[in-house]
Structures are given as structure tokens and as C-alpha cells.
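# Topology and contacts: notes
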Amino acid sequence: MTGVLSLLPEGRHGLLTRPPGGGPVPYEDASRYLAAGGYTPAPAPDALLERIDAVGLRGRGGAGFPAALKLRAVRDAPGTPVVVANGEEGEPGSVKDRWLLRHRPHLVLDGLRLAAAMTGAGRGCVYLSDARAERAVLRALAERPAGPPVDVVRTLHSYVAGEESAAVRRIDGGPALPTAKPPRPFERGVGGAPTLVANVETLARIALLHTWPEAAPGIADAHLVTLSGSGGRPALAEVAAGTRLDDLAGSCGHEKAEAVLLGGLFGGLYGTGWADLPLDQDGLRTAGGALGCGALYFLRPEDCPVAVATEATAYLAAQSARQCGVCVSGTGALAGALAAVVRGTAEPGTPDKLRRWSRQLPGRGACGLLDAAARIAASLLTHFPDRVDAHRYPGCPGCAGPSAEDGRRFLVAVP
Ligand code: SF4
């Protein structure tokens, strides 16, 4: 059972709500949202944009791009923009976007309304695959008092369906597959119009920044994170930037963790020193990782990082949309080589080959899936060379027990 934890300092405005006394988190209807100050008239578009810029809000879909820059790029492109709330979370270990859409859809729709006001958009779209989230959004659209026309577009769930160009392609009636860039959606997106594709957490934070301007810095620097691992209690948590990763592990029963997989499957593995890392986009990047969508998977001492890396790359290879040749062959080669390592049947030169591929492959696919697979392989070799070495012969004690190579270990249920 996944829990919901607010780890923000007392008094901060956050996205996770719990009724007094705990229990299931209810759907926040329009009357509750309005009573909490939602849907107040949009300020002059530039005033909110400047506030977003001043507090340095970054996108929460994975890339961490400055939100104000993206809004301005869409606003300044020729044509009437479209705004898209992207609620399709492809990382198997992340639940934050579905939770927001299921429980606080008005916050997301309010953020979409404000994004439309800032960019001059004439219409919006909510893009998702989760049936419960869709029902909540449709109910909220029927209840909301204000906002531009909004369509709800459903897609089939996959790792790449939430990538922004895949979202545009699906909304336009095509398959949810990434396209080559340029053009990026802000230049030519839905129906050829400049399009803002914004993660639903980013939009929810924009709505909070509008409603609670005096609390803006704390709102902009908080993150929704999904915490999981073998053992422990999976949790959706809201935390302030800079929180140490060992504090996060301790909050969900992973006090004994010895390593972490960062950013869902996107940020790579981290071994010695992981506990001191701060939860922060720049801090993790400097350390060679990535926060991505904010999903963290903790490894116990008895978990084999080689097996975890193998399962993660096998999952990514299976999720490749198979439209870029280099991705099909690259993810397949990485997954195959790691599977040989974990079985103890790899050639002596395999670690060098993995190292070379993980330098050569990033940036060569139309989306980040290939980069994710390469980063996992590279991080395994950087942080766990001894564990890789221990697999030169079959029977590594850390691998005892079967490993389901289908990514199931990374799945987390939405609370
Ligand atoms: S990099 Fe891979 S997953 Fe991404 S678009 Fe190309 S084939 Fe599809």
C-alpha cells in the first residue's frame, strides 16, 4: 500500500492533502478548491510570469527546464498557442501525476487556465492514460467556474507516451511516439500551433504560486517524489529541495539502503555517498545523476545492483518505440550485455564495451529512452565495479533468487 507523506516544514503550502485524522485522500471538488482560494482572476499575464521567473520554478516532467523560459517561448512564437497538461507518466516508479489528476484536478486545471492566460492560448488539453484520472478531470471540467475550452485526450500507457512530441502527435490523432526535433512543440505543436506541453505538477505549482504569492519560494522549491524499493513502504511524498536522500529513505522504511536508482529509470544508479546527496535537480546533475520525474528506488544491502541495472535496461529495451534504429540496437545491446554479466557468461571485454556504448549512445535517439539505458550502464560501472567483477563467474551471492526481468520491481501503486 503506497502512503502519502508531506515532509515539508510546518506551515508550507503543498500539493499533498490529507483530511484531519488521516484516511483516504478525497477528491477535491470545486467548492473545496474555491474555498481554498482557487480560480481567483488571473493577474496581468506578465506579473505571474515574472513571479515564476523570480522564484526559478522548473518543470517537473523530467527535464527540469525553467518554466518561465518555456512559457515565454510559446507566448512569443507566431500563432495562437495551445496549452497541454501532460499527465502521462511513463516511469514505472512514479505515481505523482496520476495522484494529482485523481485527487486535485482543479489545481491542475487552474494552472492550465493561468498558463493559457500567460501565453495567450485559446484552448487547452489534458493528456493522460489513467482511467481514474480521466474520470476526475471530466468531473472537474464540468464543475469549474472559469477557463478556456479544454479537451481530454487519452493515450495508451507506455514509457515514451509522455514525451512532449509524442503527446503532440497523439493529440493530433497519431500514435504516441516521439518525433525528431526540431521543430519542438513550442515552435510547431498541436495542429501546427505553438504548444506548451507542461507536466501536471508544474501546472499545479503555478496555481499555488498564483494563490499564495507570499509563499512562492517554498512552493517553487518543493518536489513531489515517489519513494520505493524492495522491502519498505512505497510512498508519494512532498519534500523541500535540498532534503538529504537518506532522510527520504528513512521516511519510508529504507533506513538500511546502500544505493539508489535515481529519476525513475532515467537518473542512473548511485552507490557510496548516495545518502549525502541533496534532492535537487542541479545537485544530482552535478553528482552525475538526474532527478528526472522524482522517483527514487532504494536498494537494500542484499539487492544486487547488477541485477537491478539488468532489469532496468531490459525494461527500457522492451519499451523502445522501435522507430530509431540506434535505439533498437543500442538498448538491445546494452540489455543483452548486462544480462550476460548477471548470468556470469559475459566475455572479459564486456565492461569495456558497455563503457564505450554508454559514451557513444546518448543523444542519438528521438527521445531520452536510449540515454536512460546508457546512463544506467555507465553508472553501474562507475559505482559498482567490484560487483560487476564479482559476476565474472556464475553464482554471485548477491543475485541469489530469481529476478523478474520485466520491470515489475519498479512498479508502484497509486495511493
Ligand atoms: S529513442 Fe527509442 S524510444 Fe525514443 S523515439 Fe527513438 S526508438 Fe523510440
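Residues numbered from 1 in each chain as written. Predicted model: local features only at pLDDT ≥ 70, side-chain atom pairs only at ≥ 80, totals over all residues. Heavy atoms only, no water.

Per an unreviewed UniProt entry, the protein chain goes by the name NADH dehydrogenase and belongs to Streptomyces phaeofaciens.

A word on the packing of aromatic side chains. One pass over the structure, following the stated rule, counts 4 aromatic pairs. Judged by centre distance (5.1 Å) and plane angle (85 degrees), the ring pair of Y33 and Y39 falls under edge-to-face. Y39 matches Y33 in its accessibility class, with the two residues each being buried. An angle of 80 degrees between the planes, with centres 6.5 Å apart, marks the rings of Y159 and Y315 as edge-to-face. Separated by 156 residues along the polypeptide, Y159 in the loop between strand 4 (150-154) and helix 7 (164-171) and Y315 in helix 12 (residues 305-319) bring together distant segments of the chain. You can call Y159 buried: its relative accessible area is 11%. Take Y315: its relative accessible area is 12%, and that puts it in the buried class. Taking NZ or CZ as reference, R375 lies 5.1 Å from the ring centre of F266, over its face. (Phe/Tyr/Trp six-rings, centres within 6.5 Å; stacked < 30°, edge-to-face > 60°. Buried < 20%, exposed > 50% of the residue type's maximum accessible area, 1.4 Å probe, protein only. Helix = DSSP H or I, 4+ residues; strand = E, 2+ residues; numbered from the N terminus. Lys NZ or Arg CZ within 6 Å of the ring centre and 35° of its normal.)

We now examine the packing of helix 2 (residues 45-55) against helix 5 (residues 105-119). Between helix 2 and helix 5, whose axes approach to 8 Å, the crossing angle comes to 110 degrees. With respect to their mutual orientation, helix 2 and helix 5 come out roughly perpendicular. Crossing geometry of helix 2 relative to helix 5 is assigned as left-handed. Here P45, L48, L49 and I52 of helix 2 come into contact with helix 5, specifically with L114, A117 and M118. (Axes fitted to C-alpha atoms, helices over the stretch in contact; angles between N-to-C directions. Parallel < 35°, antiparallel > 145°, perpendicular 65-115°, else oblique. Left-handed = near helix turned anticlockwise from the far one by under 90°. Contact = heavy atoms within 4.5 Å.)

We now examine the environment of F266. With respect to the element layout, F266 can be found in the loop between strand 8 (259-261) and strand 9 (269-270). Under the relative-accessibility criterion, F266 is labelled partly exposed at 22%. Between the C-alpha atoms of F266 and C327, which are 61 residues apart in sequence, the distance is 15 Å. Excluding its chain neighbours within four sequence positions, the residues that come into contact with F266 are E91, Y159, A290, G292, G368, A372 and R375.

A word on the sheet that holds strand 2 (residues 82-86). What holds strands together in a sheet is hydrogen bonding between their backbones, with the strands either parallel or antiparallel. Read across the sheet, 4 strands follow the order 4-3-2-5 without closing on themselves; strand pairing throughout is parallel. At either margin of the open sheet sits one strand with a lone partner, and together these are strand 4 and strand 5 (195-199). Averaged over all pairs of adjacent strands, the angle between strand axes in this sheet comes to 20 degrees, irrespective of strand direction. The pairing of strand 3 (residues 123-128) with strand 4 spans 5 bridges and is parallel. Across the sheet, C125 pairs through a bridge with D151, a residue of strand 4. The strands that helix 8 (residues 200-211) touches are strand 2 and strand 5; relative to strand 5, the one it contacts most, it runs at about 90 degrees. (Pairing = 2+ DSSP bridges.)

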